[in-house]
Amino acid sequence: MIWYAIRTVPGFQVPVRERWKEPTASALAGVTRGAGYRIATSINPETTVIEAELARAGFTHYMPAEFMAVRNRHNKGVYELRRFALLKGWTFVSEVEDGQWLRLCGVPGVHSVVADASGRALPIGSIDIHRLRMYEQNSRAEARAKVAALTKSDENSARNSRKAIAKAARRKLFPGREAKLIWGDKVGRDATVAAWRDH
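Rules of the game
Residues numbered from 1 in each chain as written. Predicted model: local features only at pLDDT ≥ 70, side-chain atom pairs only at ≥ 80, totals over all residues. Heavy atoms only, no water. Helix = DSSP H or I, 4+ residues; strand = E, 2+ residues; numbered from the N terminus. Rg over C-alpha atoms; globule rule 2.2 N^0.38 Å. Buried < 20%, exposed > 50% of the residue type's maximum accessible area, 1.4 Å probe, protein only. Contact = heavy atoms within 4.5 Å. Patch = residues over 30% accessible without salt bridge, like charges linked within 9 Å, V, L, I, M, F, W, Y side chains within 5 Å. Areas by Shrake-Rupley, 256 points an atom, 1.4 Å probe, with all protein chains shown as cover. Salt bridge = Lys/Arg side-chain N within 4 Å of Asp/Glu carboxyl O. Lys, Arg positive; Asp, Glu negative; His and termini not counted. Charge placed at Lys NZ, Arg CZ, Asp CG, Glu CD. Phe/Tyr/Trp six-rings, centres within 6.5 Å; stacked < 30°, edge-to-face > 60°. Core = buried A, V, L, I, M, F, W, Y, C linked by side-chain atoms within 4.5 Å.

*Asks:* I would appreciate a short explanation of the overall build of the protein in the present structure.
*Replies:* From N to C terminus, the protein includes four helices and 11 strands. The C-alpha atoms of the protein give 29 Å as radius of gyration, which overshoots the globular expectation for 199 residues (16 Å, by more than 25%). Projected onto its principal axes, the C-alpha positions of the protein cover 90 × 55 × 25 Å. Looking at the protein as a whole, 25% of its 199 residues qualify as buried. Within the protein, residue pairs in contact and separated by at least 24 positions form 63% of the contacts whose partners lie at least 6 positions apart.

Structure follows, in structure tokens:
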């Protein structure tokens, strides 16, 4: 299989944002107010914009990617596998017939096709593409292991902080010490610490 390199327009190697119509609650209740739907959006992290455009145009494509462990901004201590372009600004296509080059250049996100001085597209060897795929596979495995390790280390640190809090409480609230209850059905009553029960 012969591959050809294409230059991509900046901003087309980011995850694609998918959009679809969702009926509103008023439309579901039978009351039509407005259009009766809203546009819902979601980011598909497995596909970039250039990949979606090339697939829509019917071209066989490959964009080398690398994977990284990234912390979730909304959930502290949760790490995710994220996909980034390995070769910024480059994507590869194959099985392009002679009459399809102009159509390929017209695909949104395609800047140009890498060609020699005579204007013929330069072929890329299958071995080079295979090496990129192997690097991508190793990158995915390493990032998955890192996600598991980071998640485990966050769980360990949370467990250790809970132990430190319990240890400090035991030091402060030793058996025989007077204390005031601040939760439960006996709130506000004075009590004496009898003993600590380990779970």
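After that view of the structure, there is still more to cover.
*Asks:* Looking at this structure, how should I read a nonpolar patch on the surface?
*Replies:* Nonpolar side chains collect at one region of the surface, where Ile182, Trp183 and Val187 lie side by side and expose about 410 Å² of accessible area between them. Within the secondary structure layout, isoleucine 182 lies in the loop between strand S10 (178-180) and strand S11 (190-192). Overall, isoleucine 182 belongs to the exposed group, its relative accessible area being 66%.

*Asks:* Teacher, can you tell me more about the pattern of salt bridges here?
*Replies:* Two side chains of opposite charge can pair, provided their charged atoms sit close to one another. Counted by the stated rule, this structure contains five salt bridges. Of the charged contacts in the structure, one is a salt bridge between arginine 131 and aspartate 128, with a shortest N-O distance of 3.4 Å. Of the two residues, arginine 131 and aspartate 128 are both situated in helix H4 (residues 126-172); the distance of three residues between them amounts to about one turn of the helix. By relative accessible area, aspartate 128 is classed as partly exposed at 39%.

*Asks:* It is not clear to me how a positive patch on the surface should be interpreted in this structure. Could you clarify?
*Replies:* On the surface, a cluster of positive charge is contributed by Lys152, Arg159, Arg162 and Lys163. Counting through the fold element by element, lysine 163 comes out in helix H4.

*Asks:* What am I meant to see in unusual backbone geometry here?
*Replies:* The bulk of non-glycine residues show a negative phi, and the bulk of peptide bonds are trans. Notably, glutamate 95 is not glycine yet its phi reads approximately 55°, a positive angle. On the secondary structure map, glutamate 95 appears in the loop between strand S7 (90-94) and helix H3 (101-105).

*Asks:* Would you explain helix H2 (residues 49-57) in this entry?
*Replies:* The periodicity of an α-helix, 3.6 residues per turn, causes residues three or four places apart in sequence to face the same way. Along H2, the positions that sit buried rather than exposed are Val49, Ile50, Glu51, Ala52, Glu53 and Leu54. Residue glycine 58 follows H2 closely and has a positive phi angle near 90°.

*Asks:* Would you mind showing me how to read the side chain of glutamate 51 here?
*Replies:* Checked against the element boundaries, glutamate 51 lands in helix H2. In this structure glutamate 51 touches Glu46, His61, Met63 and Arg83, once residues within four positions along its chain are discounted.

*Asks:* Mind showing me how you'd approach the environment of arginine 131 here?
*Replies:* Residue classification places arginine 131 among the exposed residues on the basis of a relative accessible area of 55%. In this structure, the C-alpha to C-alpha distance between arginine 131 and aspartate 98, residues 33 residues apart in sequence, is 27 Å.

*Asks:* What is the right way to look at the packing of aromatic side chains in this model?
*Replies:* Describing an aromatic ring pair means giving the distance of the ring centres and the angle of the ring planes. For the structure shown, the criterion picks out two aromatic pairs. Between tryptophan 3 and tyrosine 62 the ring centres are 6.4 Å apart and the planes differ by 70°, which places this aromatic pair in the edge-to-face class. Residue tryptophan 3 is located in strand S1 (residues 3-8), and its partner tyrosine 62 is located in strand S4 (residues 60-62); the two are separated by 59 residues in the primary sequence. Like tryptophan 3, the residue tyrosine 62 is buried in the burial classification.

*Asks:* Would you take a moment to explain the environment of glycine 125 for this structure?
*Replies:* Structurally, the position occupied by glycine 125 is in the loop between strand S9 (123-124) and H4. For the pair formed by glycine 125 and isoleucine 2, sequence separation is 123 residues and the distance between their alpha carbons is 6.4 Å.

*Asks:* Explanation requested: the nonpolar core in the structure shown.
*Replies:* Residues Ile6, Leu54, Phe59, Val93, Trp101, Leu104 and Val110 are the most contacted members of the largest nonpolar core, which totals 14 residues. Every element with two or more residues in this core is listed here: S1, H2, H3 and strand S8 (110-113). What tryptophan 101 contacts, discounting residues up to four positions off in sequence, is Tyr4, Val96, Val113 and Ala121. In terms of nonpolar packing, the next biggest core, distinct from the first, is built from six residues, Trp3, Ala5, Tyr62 and Leu132 among them.

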